[in-house]
Amino acid sequence: MFKLFNFKSEISTKNIAFAGICGHIGTTTQAIRLMLYLKKKNKKVCYAEMNDRAFINKMHGLYPDVKYSKSSGQSVYKDLIYYRQEDYVRALATGYDFIIKDYGSFSEENFEKLSFLEQECKIIVAGSKPNEIFELAKLSDYRSYGLYYIFNFVPEDEKALIKELMKDEKDRVFFAPYTPDMFEGGTCDTYFKLMLGV
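Attention here is on the structure that accompanies the text. (Residues numbered from 1 in each chain as written. Predicted model: local features only at pLDDT ≥ 70, side-chain atom pairs only at ≥ 80, totals over all residues. Heavy atoms only, no water.)

So, on to the overall build of the chain. Secondary structure assignment for the chain yields 7 helices and 9 strands. Principal-axis analysis of the C-alpha atoms gives the chain an extent of 50 × 35 × 30 Å. Contacts in the chain between residues far apart in sequence, at least 24 positions, make up 69% of those at least 6 positions apart. For the chain, the accessible surface area stands at approximately 10300 Å², while carbon and sulfur atoms represent 51% of it. In the chain, the 28 positive side-chain charges and the 27 negative ones have mean positions that sit 5 Å from each other. (Helix = DSSP H or I, 4+ residues; strand = E, 2+ residues; numbered from the N terminus. Contact = heavy atoms within 4.5 Å. Areas by Shrake-Rupley, 256 points an atom, 1.4 Å probe, with all protein chains shown as cover. Lys, Arg positive; Asp, Glu negative; His and termini not counted. Charge placed at Lys NZ, Arg CZ, Asp CG, Glu CD.)

Now the structure itself:
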């Protein structure tokens, strides 16, 4: 079966990093959907918030059934485990198969670029609007790092043009279906399986 990425077998915990080319592009949504996919594959997986957007705090404020354990540093919602940035070190000692790291937006001033590029698998979440394409062009210096791309909100008649635009990286490009519920699993399974071979 064709797959793009091969994890090194000697590494027990695999790190997958997400970053958006700009804000509000669906980066956290894709990270959570990958968690849902890996969990369905019986993998031990967690989400690590590697940015200052305070998504986990906002979940606590919005959803009354989010549970937090001070001793473990874990927040749990819909049977998925989340770590705030300050609690991330605890995830390293917990024996996860996969840690899904959400670095926020590449365009943010405090983006942890070096840490992002050091991760084993790096996924950029992008879009096809003019401002999004121009932000994507700024990543040209980092393409030698083996980036993968998930494009959100792309009309069907623009997909071939996006592939053409990505040139030698076209085989690393995937298009996300429209699913407004970020906790809805199954919608992205096809390209996660193709991308990771899991």
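The packing of two helices is summarised by the inter-axis angle and the distance between the axes. As a packed pair, helix H1 (residues 27–40) and helix H7 (residues 189–196) sit with axes 10 Å apart at the nearest point and diverge in direction by 75 degrees. Considering the angle they form, H1 stands roughly perpendicular to H7. For the pair formed by H1 and H7, the contact residues are Gln30, Arg33, Leu34, Tyr37 and Lys40 on the first element and Asp189, Tyr191, Phe192, Lys193 and Leu196 on the second. Residue classes in the contact of H1 with H7 are distributed as 5 nonpolar, 1 polar and 4 charged. (Axes fitted to C-alpha atoms, helices over the stretch in contact; angles between N-to-C directions. Parallel < 35°, antiparallel > 145°, perpendicular 65-115°, else oblique. Nonpolar A, V, L, I, M, F, W, Y, C, P; charged D, E, K, R; others polar.)

Overall, the coordinates contain 0 disulfides when judged by the stated rule. Take cysteine 46: it sits in no disulfide, and the sulfur closest to it among the cysteines is that of cysteine 121, at 15 Å. In this model cysteine 121 remains outside any disulfide bridge; the closest cysteine sulfur is found in cysteine 188, 15 Å from its own. For cysteine 121, a relative accessible area of 0% translates into the label buried. (Disulfide = S-S within 2.5 Å. Buried < 20%, exposed > 50% of the residue type's maximum accessible area, 1.4 Å probe, protein only.)

With respect to topology, 9 strands assemble into an open sheet ordered S3-S4-S5-S2-S6-S1-S7-S8-S9, the strand pairing being mixed. Sheet topology places strand S3 (67–69) and strand S9 (173–175) at the edges, where each strand pairs with a single neighbour. Taking each pair of neighbouring strands and ignoring which way they run, the sheet shows an average axis angle of 25 degrees. In terms of strand pairing, S3 meets strand S4 (residues 74–77) through 3 bridges, oriented antiparallel. Looking at the pairing, tyrosine 68 lines up with serine 75 of S4. (Pairing = 2+ DSSP bridges.)

So, on to the environment of tyrosine 77. On the secondary structure map, tyrosine 77 appears in strand S4. Linking tyrosine 77 and isoleucine 150, residues 73 residues apart in sequence, is a C-alpha distance of 25 Å. If we skip the residues at most four places from it in the chain, tyrosine 77 touches Met59, Tyr63, Asp65, Val66, Tyr82 and Phe183.

Attention now moves to the environment of isoleucine 162. Take isoleucine 162: it is sitting in helix H6 (residues 159–165). Looking at isoleucine 162, the relative accessible area reads 5%, which means it is buried. Expressed as a C-alpha distance, the spacing of isoleucine 162 and cysteine 188, which sit 26 residues apart in the sequence, is 19 Å. Excluding anything up to four places from it in sequence, isoleucine 162 contacts Ser128, Ile133, Phe151, Val154, Val173 and Phe175.

On to helix H2 (residues 55–62), then. Along H2, the residues that are buried comprise Phe55, Ile56 and Met59. Buried residues of H2, viewed axially, fall in a sector of 100 degrees; they line one side. Residues of H2 that are exposed and point over 90 degrees away from its buried face: Lys58 and Gly61. Tucked inside the fold, the buried residues of H2 contact H1, strand S2 (45–49), S4 and strand S5 (80–83). (Arc of directions from axis to C-beta.)

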